[in-house]
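Observations on chain architecture
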Amino acid sequence: MLIGYIRVSKSDGSQLLDLQRDALTKAGINEKRIYEDLNSGRNDERPGLNSCLKALQPGNTLVVWKLDRLGRNLKHLIHLVEDFKKRNIGLKILAGAGAQVDTATPNGRMIFGLFAVLAEFERELIVERTKAGLTAARARGRLGGRPRKMDVSTLRMAMTAMKNPKTVAAQVAKRLGITTATLYMYVNGDGSLKEAGAKILRTA
């Protein structure tokens, strides 16, 4: 199934969604499956994108007009693409610099794969910086710690929160002290368990 997402930076009517919507419908996307936002890409509150991400299921493909319509910045974009790969969700860009991205083609899958390489590179940098920071902190007599991991109580709270259609995954993750990617690793957008989440409950 193809699902679309469109966004313009202003909600005052000076920028219109028509061009993007027309491009997506021409690409074969049902208008009822197109999600939209009317705000800046730097704005964390993007209800259209949050609803779109919750609607995506394994095997679906997300279609956007240009790459900059999707991510707030490169870091956010890399995290989204990494999450898509984990959830078996495709991505297709119709125009602009990212038009080579189409997971239905070999070349598009290769470009898509480069995002995973960038994500791995970023993780390694984070690990390296964290180790350096902890070493420096210990030298000054301070102790560091890891972010909270998923446990039974956190998982149950996540399931309950995600069952609400109006829930914003990023806000749930923030309240629980985990990342959005970690949240989706254990729980689906409708609050049902993924295999990793079911395993935690079975071993509890």
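Residues numbered from 1 in each chain as written. Predicted model: local features only at pLDDT ≥ 70, side-chain atom pairs only at ≥ 80, totals over all residues. Heavy atoms only, no water.

Focus: the overall build of the protein
The helix and strand tally for the protein stands at eight helices and four strands. For the protein, the sequential pattern of α-helices and β-strands runs β-α-β-α-β-α-β-α-α-α-α-α. By residue count, 39% of the 204 residues in the protein fall in the buried class. Considering only intrachain contacts with a sequence separation of at least 6, the fraction spanning at least 24 residues in the protein is 62%. Roughly 11,900 Å² of accessible area belongs to the protein as shown, and the carbon and sulfur atoms make up 55% of that amount. (Helix = DSSP H or I, 4+ residues; strand = E, 2+ residues; numbered from the N terminus. Buried < 20%, exposed > 50% of the residue type's maximum accessible area, 1.4 Å probe, protein only. Contact = heavy atoms within 4.5 Å. Areas by Shrake-Rupley, 256 points an atom, 1.4 Å probe, with all protein chains shown as cover.)

Looking at the packing of aromatic side chains
Enumeration over the complete set of coordinates arrives at zero aromatic pairs. Of note, Lys66 hangs over the ring of Trp65, and the distance from its end group to the ring centre comes to 4.6 Å. For the cation-ring pair, Arg87 lies above Tyr184, with the distance from its terminal atom to the ring centre recorded as 4.5 Å. (Phe/Tyr/Trp six-rings, centres within 6.5 Å; stacked < 30°, edge-to-face > 60°. Lys NZ or Arg CZ within 6 Å of the ring centre and 35° of its normal.)

Points about helix H6 (residues 169-176)
All of the buried residues along H6 are Ala169, Val172, Ala173 and Leu176. The arc that holds the buried residues of H6, viewed along the axis, is 95 degrees, so those residues lie on one side. Within H6, the exposed residues directed more than 90 degrees away from the buried face are Lys174 and Arg175. Buried residues in H6 make contact with helix H5 (152-162) and helix H7 (180-186). Trailing H6 by a residue or two, Gly177 shows a phi angle of about 75 degrees, which is positive. (Arc of directions from axis to C-beta.)

Some details on the pairing of strand S1 (residues 2-8)
Every other side chain in a regular strand lies on the same face of the sheet, so the side chains alternate between the two faces. In terms of burial, S1 is largely enclosed, as six of its seven residues are buried. In terms of strand pairing, S1 meets strand S2 (residues 34-38) through five bridges, oriented parallel. Looking at the pairing, Tyr5 lines up with Tyr35 of S2. (Pairing = 2+ DSSP bridges.)

Overview of the packing of H5 against helix H8 (residues 195-202)
To describe two helices that pack against each other, one gives the angle between their axes and the distance between the axes. Relative orientation of the contacting elements H5 and H8 amounts to 130 degrees, with a least axis distance of 10 Å. When the interaxial angle is binned, H5 and H8 end up oblique. Between H5 and H8 the crossing geometry is left-handed. Facing Val152, Leu155, Arg156 and Met159 of H5, the residues of H8 in contact are Gly197, Ile200 and Leu201. Considered class by class, the residues forming the contact of H5 with H8 number five nonpolar, one polar and one charged. (Axes fitted to C-alpha atoms, helices over the stretch in contact; angles between N-to-C directions. Parallel < 35°, antiparallel > 145°, perpendicular 65-115°, else oblique. Left-handed = near helix turned anticlockwise from the far one by under 90°. Nonpolar A, V, L, I, M, F, W, Y, C, P; charged D, E, K, R; others polar.)

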